[in-house]
Structure formats: C-alpha cells, structure tokens
Amino acid sequence: MAAGVLLEARGVTKSFGGVRAVRDLDFSLGQGEVLGVIGPNGAGKTTLVNILTGFVRPDRGRVVFRGKDITGLPPHKIANRGLARTFQGMRPYPGLPTYKNLVVPLNSPRVRKTAAGRFGDLDSVALDLLEEVGFERDSSVPYKTADSLPLGYQKRLELARCIALRPEVILCDEVFSGLSMAEISSMLPLLEKLLSRGIALILVEHRLRELFRITRRVLVMRFGEKIAEGPPREVLGRPEVTAAFIGRGSPP
Ligand SMILES: Nc1ncnc2c1ncn2[C@@H]1O[C@H](COP(=O)(O)OP(=O)(O)OP(=O)(O)O)[C@@H](O)[C@H]1O
Ligand SMILES: [Mg+2]
C-alpha cells in the first residue's frame, strides 16, 4: 500500500444472480482526499459503497483500510474503525426524536474510547452535532421524529450520524439528491469543513455540477466497471464516458 493511502479496493467483484453489479474494481483514497463516484443508474455505485462498508460481502477482491484487510467485516466493526456512511434512502430510527438518532453512534466503542470521560450529557452532545450540520438549536426541529422531517434535514441528520462517529472517511451515497440548489450550496461548506479537519470523503453523486465544485478526482462506473478516473472535466470529455451517460453501449 502506497504512503498516504487510507482506503484501497483491489479487484472487488460482486454479482447478484446474473447481474455483475461490481466487477474487478480497483481504487485508492488518500488521507483527507475527496473522490467523486459517478455513473448512470445501476452502474454499481451503491454496491461499491456497500462493499466498502461491510453491508455486502464481495465475491472476490479485497478492501484495505489503514493497511488492514477489512473485507467481509460486519458493518458495525467497519464503522467502529472510522468508516462512516450515509444511505441513499435515509434510514432514521422511526418514531425517535431526531437528536436521539445520534445517541447510537455516540455510544459506539470508538467514540467512547476517543472521548473517554469528556462527554457529559450525550443528549447535549447530540444537539451540538445537529447544530453543527445546520439545525437551529433553539427550535423544535431536533425534538421532532426524524422520519417526519423535510428531506433537507434528513440528509443533514445522515451527515451528523457520520460525524458523531469521529470518522476518518465518510461515504455519502447521493447526499445531494432531492435537494434544491440553495440547499446544496449550504451543504457544500459543511463538506469542506469536514475535509479541512482531515476527514476523507467519497461522494457518490448524480448532481455533477455541484459535485465538481468540491472534488478534483472522479471515478466513473458503468455496468459495474471503472471506465475512467481523473480530473472531472477531463474525464467527462472522454467519448466512453459521454456514451455511458447518454445510455449508449450494452453490457459487456
Ligand atoms: N441486493 C440486490 N439484489 C439484486 N440485485 C441488486 C442488489 N443490489 C443491487 N443490485 C443490482 O446491481 C446493479 C447495481 O446496482 P446499484 O444499486 O449498485 O447501482 P447504482 O449505481 O447505485 O444505481 P443508482 O444510481 O440508481 O443508485 C443493478 O443492476 C441492481 O439492480
Ligand atoms: Mg445507488
């Protein structure tokens, strides 16, 4: 593993029945780096995130984090090592007040270890985290059930759940989808703040224009394969990438 590499996938492959969702994919992510992952619907982006975070076990290949093989570890163990993720469809705990959603990651062994003895009241730490991602501290919103909140708040809660883990990497699966331009514009500085703290980001996105405001490297997937990787504008100029996005080409 090269110096400065934090997360690496080598030859990861996963089929569902006859569908090869991810095939023989390699990539690496440096400390504090941001990588965009793009590609048409069904290209395998979410499956890749699921493989990296332990929700799906690859048929072949390895995932290495901080020099250790984490392939096949269960999700909670991977999260506990510092790889946090958001979900494409949000997954708040139904019926629980929004701030209580953060008590679960705040109780993880990782956080208890790193913050030993410094936490007083977990509820107030949770409210601080929500404020950090843009919830108004003195409003009633943090006390409402999370599944009743507008999408913009639910997306921010997903990020807060990741930040609560004090992660080294956050993998965001379409964190901009369904948001207005204004909402995305207010979320970008939050992502930049995480980067400035040294947290690396993998951003799976369909909102390319907004993605390109924050990332200098993208990986393009089509039919489970990596078809291009590099600076966004350069990569988008390649004919095979254009073809993938306008739906030409058939599965190999
Ligand atoms: N659990 C599963 N069982 C069966 N097939 C699956 C499963 N998960 C994903 N697939 C299939 O694998 C392929 C890749 O799906 P995936 O969700 O990873 O794509 P994606 O790039 O995230 O798409 P989108 O942009 O629509 O979110 C698709 O053909 C999908 O139908
Ligand atoms: Mg997806």
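Owing to the predicted nature of the structure, the values given are computational and were not obtained by experimental measurement.

What about the overall build of the protein chain?
- The helix and strand tally for the protein chain stands at 10 helices and 10 strands.
- Relative to the globule expectation of 18 Å for 252 residues, the C-alpha radius of gyration of the protein chain, 18 Å, shows essentially globular dimensions.
- Projected onto its principal axes, the C-alpha coordinates of the protein chain cover approximately 55 × 40 × 35 Å.
- Counting every position in the protein chain, which comprises 252 residues, the buried fraction comes to 51%.
- Taking the intrachain contacts of the protein chain between residues at least 6 apart in sequence as the baseline, contacts between residues at least 24 apart amount to 67%.
- For the protein chain, the computed accessible surface area is about 11,300 Å², with 51% contributed by carbon and sulfur atoms.
- Put simply, the protein chain has 37 plus and 26 minus side-chain charges, and the middle of one group is 4 Å from the middle of the other.

Side note on the site of ligand 1
- Around ligand 1 sit 14 residues, and of these Gly 42, Lys 45, Thr 46, Thr 47 and His 206 come closest.
- Measuring from an oxygen atom of ligand 1, one finds a side-chain N or O atom of Asn 41 at 2.9 Å.
- Within the backbone of Gly 44, a nitrogen or oxygen atom sits 3.0 Å from an oxygen atom of ligand 1.
- Protein chains bury 61% of the 640 Å² of accessible surface belonging to ligand 1 in isolation.

So, the packing of aromatic side chains
- According to the stated counting rule, one finds 3 aromatic pairs in the structure shown.
- Arranged with centres 4.9 Å apart and planes meeting at 55 degrees, the rings of Phe 135 and Tyr 153 form a pair that is tilted. Highlighted residues: Phe 135 in the loop between helix H5 (122-132) and helix H6 (151-164) and Tyr 153 in helix H6, separated in sequence by 18 residues. Like Tyr 153, Phe 135 is buried.
- If you follow Arg 161 out to its NZ or CZ, it ends over the ring of Tyr 93, 5.6 Å from the centre.

Focus: a nonpolar patch on the surface
- Among the surface-exposed residues, Tyr 93, Leu 96 and Val 104 lie close enough to one another that they form a single nonpolar patch of about 230 Å² accessible area.
- Relative to the assigned elements, Val 104 resides in helix H3 (residues 103-106).

Description of the sheet that holds strand S1 (residues 5-16)
- On the basis of which strands lie adjacent, the open sheet formed by 4 strands has the order S2-S1-S4-S5 and antiparallel pairing. Edge strands, defined here as strands with exactly one partner in the open sheet, are strand S2 (19-30) and strand S5 (68-69).
- Relative to strand S4 (residues 60-65), S1 runs antiparallel, the two sharing 5 bridges. Its bridge partner being in S4, Glu 8 is matched across the sheet by Val 64.

Some details on the packing of H6 against helix H7 (residues 181-196)
- Here H6 crosses H7 at 5 degrees, and the two axes come no closer than 12 Å. Classified by the angle their axes make, H6 and H7 are roughly parallel. Along the contact surface, H6 presents Gly 152, Lys 155, Arg 156, Leu 159 and Ile 163, while H7 presents Glu 183, Ser 186, Met 187, Leu 190, Leu 191 and Leu 194.
- Taken together, the residues of the contact of H6 with H7 sort by class into 6 nonpolar, 2 polar and 3 charged.

Side note on H5
- Where H5 is concerned, the buried positions are Leu 122, Val 125, Ala 126, Leu 127, Leu 129 and Leu 130.
- Buried residues in H5 make contact with H3 and H6.

Cut-offs used in this document
Residue positions are counted from 1 within each chain, in the order its sequence is given. Naming scheme: in the order in which they are written, chains are lettered from A and ligands are numbered from 1. Local features in a predicted model are, by the rule used here, given only for residues with pLDDT of at least 70; side-chain atom pairs are given and counted only at 80 or more, and totals for whole chains, interfaces and linings are based on all residues. Computation of side-chain values covers all heavy atoms of the structure but excludes hydrogens and water. Helix numbering and strand numbering both begin at the N terminus, where a helix is a DSSP run of H or I of at least 4 residues and a strand a DSSP run of E of at least 2. What the globule rule says is 2.2 Å times the number of residues to the power 0.38, and the radius of gyration is computed from C-alpha atoms. Relative accessibility under 20% of the residue-type maximum defines a buried residue, over 50% an exposed one, and the middle range a partly exposed one, all with a 1.4 Å probe and only protein chains included. Contacts between residues were defined by any pair of non-hydrogen atoms, one from each residue, lying within 4.5 Å. Accessible surface is estimated by sampling points in the Shrake-Rupley manner with a 1.4 Å probe; for residues, cover comes only from the protein chains shown. Counted as positive: Lys and Arg. Counted as negative: Asp and Glu, with His and the chain ends omitted from the count. For this purpose, a charge sits on NZ of Lys, CZ of Arg, CG of Asp or CD of Glu. One heavy atom within 4 Å of a molecule or strand makes the whole residue count as near it. Pairs of N or O atoms are called polar contacts if they sit within 3.5 Å, as long as, within protein, a hydrogen donor faces a hydrogen acceptor (for residues adjacent in sequence, only side-chain-to-side-chain pairs). Only rings of Phe, Tyr and Trp enter the pairing, Trp through its six-membered ring, and a pair is recorded when the two centres are within 6.5 Å. The plane angle decides the type: under 30 degrees is stacked, over 60 is edge-to-face, the rest tilted. Charges are assigned to positions over rings by a cutoff of 6 Å between ring centre and Lys NZ or Arg CZ, combined with an angular limit of 35 degrees from the ring normal. Residues form patches when they are more than 30% accessible in relative terms and have no salt bridge. Like charges link within 9 Å. Nonpolar side chains (Val, Leu, Ile, Met, Phe, Trp, Tyr) link within 5 Å. Here a salt bridge means any side-chain nitrogen of Lys or Arg lying within 4 Å of a carboxyl oxygen belonging to Asp or Glu. Pairing between two strands requires that DSSP report at least two bridges joining them. Orientation is described by axes fitted as lines to C-alpha atoms, over the contacting stretch for helices, and by angles from 0 to 180 degrees between their N-to-C directions. Working definition: roughly parallel below 35 degrees, roughly antiparallel above 145 degrees, roughly perpendicular at 65 to 115 degrees, and oblique for all remaining angles. Side-chain classes are defined by residue name, with Ala, Val, Leu, Ile, Met, Phe, Trp, Tyr, Cys and Pro counting as nonpolar, Asp, Glu, Lys and Arg as charged, and the others, Gly among them, as polar.

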